[in-house]
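Chain by chain, the residues:
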Amino acid sequence: AVPPARRLHTAVLCGGRMYVLGGSCHVPNEPQEGAVFSDHWSLDLASMAWREEEPLRAGGEHRPSFAHSAVVSEQGVMGGASPVIAVFGGMDVQQGDAGLPALVLPGPPLLLPVQRQWRPVQSGRLLLFAPGDKAWSLPRTGGASPLPRFRHSATLCARGTADEAMLLWGGWRYPVGFQATPLEPFPRERDISPDEIALLHMRTLTWTYPVVSAGPRPPPRAAHTATLIGESLLLYGGAANHERNHEEDLGDTFVLDTAAWAYRRLNSACAPEVRRSSGMVFYFYEAATFTTFAQAEAAARSPPPRSSHSAVLLPMSLFDGRGGGR
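Residues numbered from 1 in each chain as written. Predicted model: local features only at pLDDT ≥ 70, side-chain atom pairs only at ≥ 80, totals over all residues. Heavy atoms only, no water.

Description of the sheet that holds strand E19 (residues 206-208)
Note the cut-off: A pair of strands is labelled paired if DSSP reports no fewer than 2 bridges between them. Where helices and strands are cited, they refer to DSSP runs of H or I of at least four residues and of E of at least two residues respectively, numbered from the N terminus. Here an axis means a line fitted to C-alpha atoms, over the contact stretch when the element is a helix, while the angle between two N-to-C directions is reported on a 0 to 180 degree scale.
Taken together, the 4 strands give an open sheet; going across it, the order is E14-E15-E18-E19, and neighbouring strands pair in antiparallel fashion. In this open sheet, the two edge strands, each paired with only one partner strand, are strand E14 (153-157) and E19. On average, each strand axis in the sheet is tilted by 25 degrees relative to the strand beside it, whichever way the strands run. Examined bridge by bridge, E14 and strand E15 (residues 165-169) share 5 bridges and lie antiparallel to one another. Note on E15: the bridge partner recorded for Thr155 is Leu167.

Section: a nonpolar patch on the surface
This is how it is decided: Patches here: salt-bridge-free residues with over 30% relative accessible area, like charges joined within 9 Å, nonpolar side chains (Val, Leu, Ile, Met, Phe, Trp, Tyr) joined within 5 Å. Note on areas: Shrake-Rupley, 1.4 Å probe, and residue coverage restricted to the protein chains presented here. What counts as a salt bridge is simple: a side-chain nitrogen of Lys or Arg found within 4 Å of a carboxyl oxygen of Asp or Glu. A 1.4 Å probe rolled over the protein chains alone gives each residue an accessible area, and that area as a share of the maximum for its type sets the label: buried under 20%, exposed over 50%, partly exposed in between.
A cluster of nonpolar side chains, namely Leu13, Leu45 and Met48, defines an oily patch on the protein surface of about 300 Å² accessible area. Tracing the chain through its elements places Leu45 in the loop between strand E3 (40-44) and strand E4 (49-52). Residue Leu45 is classed as partly exposed on the basis of its relative accessible area, which comes to 40%.

Describing the confidence of the model for the protein chain
In plain terms, the rule: The pLDDT value tells you how sure the predictor is about a given residue, anywhere from 0 up to 100. Contacts are residue-level and defined by heavy atoms, with any inter-residue pair within 4.5 Å sufficient.
When the pLDDT values of the protein chain are averaged, the result is 76; 67% of them are 70 or greater. Long-range and interchain partners of residues 96-117, a stretch whose pLDDT sits below 50, account for 55 contacts in this model, where long-range means more than four residues apart. Low confidence marks residues 291-300, where pLDDT is under 50. Its contacts with residues over four positions away, or in another chain, come to 23 contacts.

Considering the nonpolar core
Operational definition: Remark: nonpolar core denotes a set of buried residues (Ala, Val, Leu, Ile, Met, Phe, Trp, Tyr, Cys) joined through side-chain atoms within 4.5 Å.
Among the nonpolar cores identified, the biggest contains 16 residues, and Ala86, Leu126, Met166, Leu168, Leu200, Met202 and Trp207 are the most heavily contacted of them. When residues of this core are traced back to their parent elements, those giving at least two are strand E9 (84-88), strand E12 (126-130), E14, E15 and strand E18 (198-201). With 3 residues, E9 is the single largest residue contributor to this core. Non-local contacts of Ala86, meaning those with residues more than four positions away in its chain, are made with Ser69, Ala70, Val71, Leu126, Leu127, Leu128, Met166 and Met202. The next biggest cluster of nonpolar side chains, apart from the first, holds 14 residues, and it includes Ile197, Leu199, Val212 and Tyr263.

A closer look at the environment of Val72
Mapped onto the secondary structure, Val72 falls in strand E8 (residues 69-73). Assessed through its relative accessible area of 7%, Val72 is described here as buried. As a C-alpha pair, Val72 and Leu156 span 84 residues in sequence and 7.5 Å in three-dimensional space. When sequence neighbours within four positions are dropped, the list of residues in contact with Val72 reads Val12, Leu13, Cys14, Val84, Ile85, Leu156 and Arg159.

Brief notes about the packing of aromatic side chains
Put simply, the test is: Here a pair means two rings of Phe, Tyr or Trp (six-membered ring of Trp) with centres within 6.5 Å. Their orientation is stacked below 30 degrees between planes, edge-to-face above 60, and tilted elsewhere. We count a charge as sitting over a ring when the NZ of a lysine or the CZ of an arginine lies within 6 Å of the ring centre and within 35 degrees of the ring normal.
This structure, assessed with the given rule, holds 4 aromatic pairs. Taken together, the ring pairs connect Tyr19, Phe129 and Trp136 into an aromatic cluster. Here Arg6 stacks its cationic end above the ring of Phe37, 4.4 Å away from the centre of that ring.

A closer look at unusual backbone geometry
For Leu8, which is not a glycine, the phi torsion comes out positive at approximately 55 degrees. Inspection of the secondary structure puts Leu8 in the segment before strand E1 (10-14). Positive phi, close to 55 degrees, is recorded for Lys134, a residue that is not glycine. When you line up the elements, Lys134 lands in the loop between E12 and strand E13 (135-137).

Quick look at the sheet that holds E1
Note: strands within a sheet are paired through backbone hydrogen bonds, in either parallel or antiparallel orientation. Ordered by their spatial adjacency, 4 strands build an open sheet running E1-E2-E3-E4, and the pairing between neighbours is antiparallel. What marks the edges here is a single partner per strand, and that holds for E1 and E4. Each neighbouring strand pair of the sheet contributes to a mean axis angle of 25 degrees, computed without reference to strand direction. As defined by bridge partners, strand E2 (residues 17-21) adjoins E3 across 5 bridges and the pair is classed as antiparallel.

Structure (structure tokens):
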């Protein structure tokens, strides 16, 4: 068996397996088009075989969810030594009538019609999954919990140290207390300020909120990427919310120094290098300096604006074998 097609899910690596959680299906003519999933799969990277895991649960209930975030803590939480997957926020789908199918939600994933059986709800909930025990938990946390958000980023900082923490940045939320109607199933998304940064300290499961001290603030956005390089969080692209049902893709890049809690913007001189392979286009930053490589086969240019993309830190160059993180 393999997972159904989906988007707005999460995929994380833990113990030689890739864990895929939730998401929604937006593939025309697929049997599950319009579905929101509570299922949970893992891919063994050695055998390339899929296995269905314990579904997403909150308080014992299946919770279809999309546009959430997930990070892996290899050292565990609250003094534990086993890895855990921390899932935060997103959009949940609550079931109104018992006995209805747990995974099927009529309508496009981001324009869900208001119906008696289903209700989309923005989430500020933290869930933990222990791969070793194959069990979900809804932990108690210290400090004030963040407000709900979706299409945000979550990044694990200070990995493997006593200060290991999950950093939440950006995303959108809906006004608290909004009541959906058939003519207006969703309100306009509200931007989350770049100063509204939340840290979950994994050892104590305590929330804190650092104060940004300096630098030009990035415009608010969702569906961006946030890649940690040392103590610097590289924020690229995403979608700006200007008018109802209208998103503008962004192509700018900012760096957040998580030691000084200061922003800086990368200018056009720091445009990533473009390299092409088998019809795919790759853009590279030099991680140590946030400048481009020496130009070889292609001229440097900024990538076209985009959102809902991906970005990863590579431990070595794919082309010349040198280290440095690119």
